[in-house]
Amino acid sequence: MGKSTGAKAQSAHEIRVFRAAGCYSIAAVLTLETPIQFVKGIGPAIAKMLAEKGIATVEDLLLHLPFRYEDRLNPRALNELKPGETASVIGEVRGAVLLRTKRMPIFEMTVGQGIGSMKCMWFHGTYLEGKFKPGQMVALYGRVEASRSGRGFKMIQPQFEVLPDGQDDAIDHLLEVGRITPVYESLGGSRLASRWIRRTVWNALEELKGSMAETLPRALPESILKRLDLPSREVALREVHFPPTGTPLAQLQAAATPAHRRLIFEELFYLELGLELKRKKFQEKTGVAFETSDKVRAALRSVLPFHPTAAQKRALGEIASDMRRAAPMRRLLQGDVGSGKTIVALQAMLIAIENGYQAALMAPTEILATQHYLSARRILEKSPKRYRITLLTGSLDDDVKRAARRKIYQGEADLVIGTHALIEEKVEFANLGLVVVDEQHRFGVLQRFRLMKKDGAEPDVLVMTATPIPRTLALSLYGDLDLSVLDELPPGRTAIVTRQVADDRSGEVWKFVREQVAKGHQAYVVYPVIEGPKDDQPELDFALPEEVEEPKPAKKSAKRAKTEELFEKPSPKLPLKSATDMYERLRAQELAGVRVGLLHGRLDADDKEVVMRRFQRGEIDVLIATTVIEVGVDVPNATVMVIEHAERFGLAQLHQLRGRVGRGAARSYCILMTGGKISPNAEERLAAMVRTQDGFELAELDLELRGPGEFFGTRQAGLPDFRVANLVRDRKLLELAKLESARFVQKAGEEATPEEKARVWARLKEAWQRRYGLAEAG
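**Considerations on helix H23 (residues 680–691)**
For H23, built from twelve residues, the straight-helix expectation of 16 Å at 1.5 Å per residue is met to within 8% by its first-to-last C-alpha distance of 16 Å. Looking only at H23, the buried set comprises Asn681, Ala682, Arg685, Leu686, Ala688 and Met689. Looking down the long axis of H23, one finds its buried residues gathered within 155 degrees of arc, a one-sided arrangement. What points out from H23, more than 90 degrees from its buried face, is the exposed set Pro680 and Arg691.

Right, dumping it as structure tokens:
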């Protein structure tokens, strides 16, 4: 009877029921495709928790990589520590107490090594009471600080893990101590923290040992592995979780081991392969072959506000060349602030209009759409021909929107400018020939495709960015597009003097503004909010940084905690100054006698245009505004940009605002006013603004400071959902992946077997749909 029961248990352990290719199958062994609930120690309840983290299969679990590693083979001795460093320490719990202070409860624990000891403190640490017992061994990781007495050290808010004691089994000892130990982001509170993940991953790898090569349907081609000297996927997965003895800790922390490189390269390879196929597929489609006759060229010249730069001529030449071909254009136009991208894009749209087609410009916000609309009207009114321009945004009255949609459908609108309202099902174009997507990285990729296919045809597409995009993001987000770069400013532009000034010197700033006005110049003063103090949110898609408070008991992911370190929030004693309040104050006090105007996003389009026209004609000396002036405002006589609460803005936005001045021959100034406590990260942003005007350099720094996700805002940007790759860290591998993917598309028949090619295409389809969350690769 016992033997029979044991056989059944063994059979139940070996048989895995999983869903593959749309049907249920039975496998005698664990595979990467096995649903996570059938892994040893995981049932339906835990599987449901893991699914919320995007972990549905064994492969998903194995690609949940450690975010750091601890050297528990050679842990640091307390007498070796130095204040200011971040270190891993293993010690014995000597005692613990919960201190209830007036401000907050503080949990304090003392750990020791021999005769040495160190205190560890957690703010709001009530949740730790009773967790530690004297004699337990704990692993600690955190920043080392000198104690107040100066005779020892302390750690504030260290990460910790209670180590197994003699009563735990041998595998726990094997995985937790005496080795380089992986540390993971929790998958579900303390229950599914690092210790549970280590054990579960170990079990899965043990069961997969030796069989992964046969059961893995999506390996990299052997030719690529040999050429790049990359390990097999099985070796990479094992060594990235459980590094062999001798692996340099620095390499592990930098994700630079051969195991890391193998997994990162594979993820980036399939991204770039999909982009390469999309590019090739687009080249095979039929689009519109536009003509660039003398009549068209005359129309372009008639609207030029100045003699174009060599970079503008080159970019327009590249765009026109694409538009003349029958294949649809897919091109990215980028350049620094003030480099003249808008006029180049407008000329491209005129090519389409002069050929009898409609052109559409899609902006991410209503403010930017309105700015483009007003700018296009101002520029095109110089032409002897009357161009019909239509604005379509979500906030317009229903009657106005219906009239706009009717004009678009009947072909009575030559140039259509709008927001996401352009991709609504009710909008139909009569003859769409060109789409210009402004600030495209704020849109989802799927939205872009819906717009391109609105009338069933394949219009040309020009993506125009307001600020430079770092090369790594250009390769990953826009790798399917050809690139045109405007790398010089129009003639007459001057260098801008940028200074950071504390709020307590505001008197000097307003005196300087008055002096500039007395010389016949104009100035902008920008605030992050329209009204105060209740209206504590900025105007555009710009999230105010969050305060790093002393941590609460609620646990945060390591990724979230790292992000929060970058931001700050002004003290409640220093509320945000608002545009409307400061408009009233400045014109009555500091700037009394100066002609002051007010511009913000809640004004309707006509009122905005009136204010801007008055400022352009010199009827307003100082324009108080929000970030509504970030794009599309060109007043050469404006020489001063004052940005209050500059610490609250991102680098890209600060650089955009600064670009509103320096457009004439007179020397211009950008004054970054700051108030209250400033985080180290904000200081770095402001220092970079003072140091350089190079938008490409600032974009790279912005990416490094915030990371890809924060750089673009949200997943809505169309940013791929990477599991192991990091676009900032893995730039060289991204470049390599782009080269190898192009080579594979061109030489797949020479370098890969039919079986390998089939695996690659199957992997590509799955990766783009499920892993990256993007549209079909083509």
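Okay, back to it.
**Examining the sheet that holds strand E19 (residues 522–526)**
The strand order E18-E23-E22-E19-E21-E20 describes an open sheet built from six strands, whose pairing is parallel. The open sheet has two edge strands, strand E18 (496–502) and strand E20 (596–599), and neither has a second partner. Across this sheet, the average inter-strand angle for adjacent strands is 20 degrees, counted without regard to direction. Running at roughly 150 degrees to E18, H23 makes contact with E18 and strand E23 (668–674) of the sheet.

**With respect to the packing of aromatic side chains**
Geometrically, a pair of aromatic rings is defined through the distance of the ring centres and the angle of the planes. Tallying each qualifying case throughout the model produces 13 aromatic pairs. Seen from their ring centres, tryptophan 202 and phenylalanine 242 are 5.2 Å apart, and the 85 degrees between their planes marks the pair as edge-to-face. Remark: phenylalanine 242 occurs in the loop between helix H8 (233–241) and helix H9 (249–253) and tryptophan 202 occurs in helix H5 (residues 194–208); sequence separation between them is 40 residues. The buried category is assigned to phenylalanine 242, whose relative accessible area is 5%. Cluster of aromatic residues (ring-pair linked, three or more members): Phe265, Phe269, Tyr270, Phe744 and Trp761. The ring centre of tyrosine 141 lies 3.4 Å from the NZ or CZ of arginine 68, which sits over that ring. We note arginine 763 situated over the ring of tyrosine 270; from NZ or CZ to the ring centre the distance is 5.1 Å.

**Section: the confidence of the model for the protein chain**
Note: predicted coordinates in regions of low pLDDT should not be interpreted at a detailed level. Summing up the model confidence of the protein chain, the mean pLDDT is 80 and the portion of residues at 70 or higher is 81%. Counting contacts from residues 1–28, a segment whose pLDDT is below 50, to residues more than four positions away or on other chains yields 29 contacts. Counting interchain partners and residues more than four positions distant, the pLDDT-below-50 stretch residues 773–778 has 23 contacts.

**Digging into the sheet that holds strand E16 (residues 460–464)**
Strand order across the open sheet formed by seven strands is E13-E14-E12-E15-E16-E11-E17, with parallel pairing between neighbours. Looking at strand neighbours, the two that pair on one side only are strand E13 (389–392) and strand E17 (482–486), the edges of this open sheet. For this sheet, the mean inter-axis angle between neighbouring strands, taken without regard to orientation, is 20 degrees. Here E13 runs beside strand E14 (residues 415–418); their pairing, made up of four bridges, is parallel. Its bridge partner being in E14, leucine 391 is matched across the sheet by isoleucine 417. Strand contacts of helix H14 (residues 366–380): strand E12 (358–362), E13, E14, strand E15 (432–438) and E16, with the helix running at about 170 degrees to E13, the strand carrying the most contacts.

**Points about the packing of H8 against helix H10 (residues 258–284)**
How two helices pack is summed up by the angle between their axes together with the distance between the axes. Interhelical geometry of H8 versus H10 gives an angle of 120 degrees and a closest axis separation of 8 Å. The pairing of H8 with H10 is recorded here as oblique in orientation. The interaxial crossing formed by H8 with H10 has left-handed handedness. Contact residues: H8 offers Arg233, Ala236, Leu237, Glu239 and Val240, while H10 offers Ala259, His260, Arg262, Leu263 and Glu266. A breakdown of the residues in the contact of H8 with H10 according to their chemical character gives five nonpolar, one polar and four charged.

**Looking at the nonpolar core**
Here is a general trend for soluble globular proteins: nonpolar side chains tend to be buried in one another's company. Within the largest apolar cluster, 86 residues are counted, with the highest numbers of intra-cluster contacts made by Leu50, Leu62, Phe265 and Leu268. Looking at which element gives the most residues to this core, the answer is H10, with eleven residues. Residues within four places of phenylalanine 265 in sequence aside, it is in contact with Leu220, Ile224, Leu228, Leu230, Leu733, Leu736, Ala737 and Glu740.

**Describing the environment of lysine 40**
If you trace the backbone, lysine 40 turns up in the loop between strand E2 (23–27) and helix H2 (44–51). With relative accessibility at 53%, the residue lysine 40 sits in the exposed group. Distance in space between the C-alpha atoms of lysine 40 and threonine 200 is 7.5 Å, their sequence separation being 160 residues.

**A few points about the environment of methionine 329**
Relative to the assigned elements, methionine 329 resides in the loop between helix H12 (310–324) and strand E11 (330–335). On the basis of relative accessibility, which here comes to 1%, the residue methionine 329 falls in the buried class. Counting along the chain gives 130 residues from methionine 329 to proline 459, while the straight-line C-alpha distance between them is 7.7 Å. Excluding anything up to four places from it in sequence, methionine 329 contacts Ile319, Asp322, Met323, Leu434, Asp460, Val461 and Leu462.

**Observations concerning the pattern of salt bridges**
One pass over the full model with this rule turns up 42 salt bridges. Among the ionic pairs, arginine 238 bridges to glutamate 206, the shortest N-O distance being 3.2 Å. A residue pair is termed long-range when its members are at least 10 positions apart, and arginine 238 in helix H8 and glutamate 206 in helix H5 qualify at 32 residues. On the basis of relative accessibility, which here comes to 32%, the residue glutamate 206 falls in the partly exposed class. Measuring nitrogen to oxygen at the nearest pair gives 2.5 Å for the salt bridge that ties aspartate 322 to arginine 325. The partly exposed category is assigned to arginine 325, whose relative accessible area is 43%. The network of salt bridges with shared partners includes Glu59, Arg233, Arg262, Glu266 and Arg763.

Basis of the calculations
- Residues numbered from 1 in each chain as written.
- Predicted model: local features only at pLDDT ≥ 70, side-chain atom pairs only at ≥ 80, totals over all residues.
- Heavy atoms only, no water.
- Helix = DSSP H or I, 4+ residues; strand = E, 2+ residues; numbered from the N terminus.
- Expected span 1.5 Å × (residues − 1).
- Buried < 20%, exposed > 50% of the residue type's maximum accessible area, 1.4 Å probe, protein only.
- Arc of directions from axis to C-beta.
- Pairing = 2+ DSSP bridges.
- Axes fitted to C-alpha atoms, helices over the stretch in contact; angles between N-to-C directions.
- Contact = heavy atoms within 4.5 Å.
- Phe/Tyr/Trp six-rings, centres within 6.5 Å; stacked < 30°, edge-to-face > 60°.
- Lys NZ or Arg CZ within 6 Å of the ring centre and 35° of its normal.
- pLDDT = per-residue confidence, 0-100.
- Parallel < 35°, antiparallel > 145°, perpendicular 65-115°, else oblique.
- Left-handed = near helix turned anticlockwise from the far one by under 90°.
- Nonpolar A, V, L, I, M, F, W, Y, C, P; charged D, E, K, R; others polar.
- Core = buried A, V, L, I, M, F, W, Y, C linked by side-chain atoms within 4.5 Å.
- Salt bridge = Lys/Arg side-chain N within 4 Å of Asp/Glu carboxyl O.

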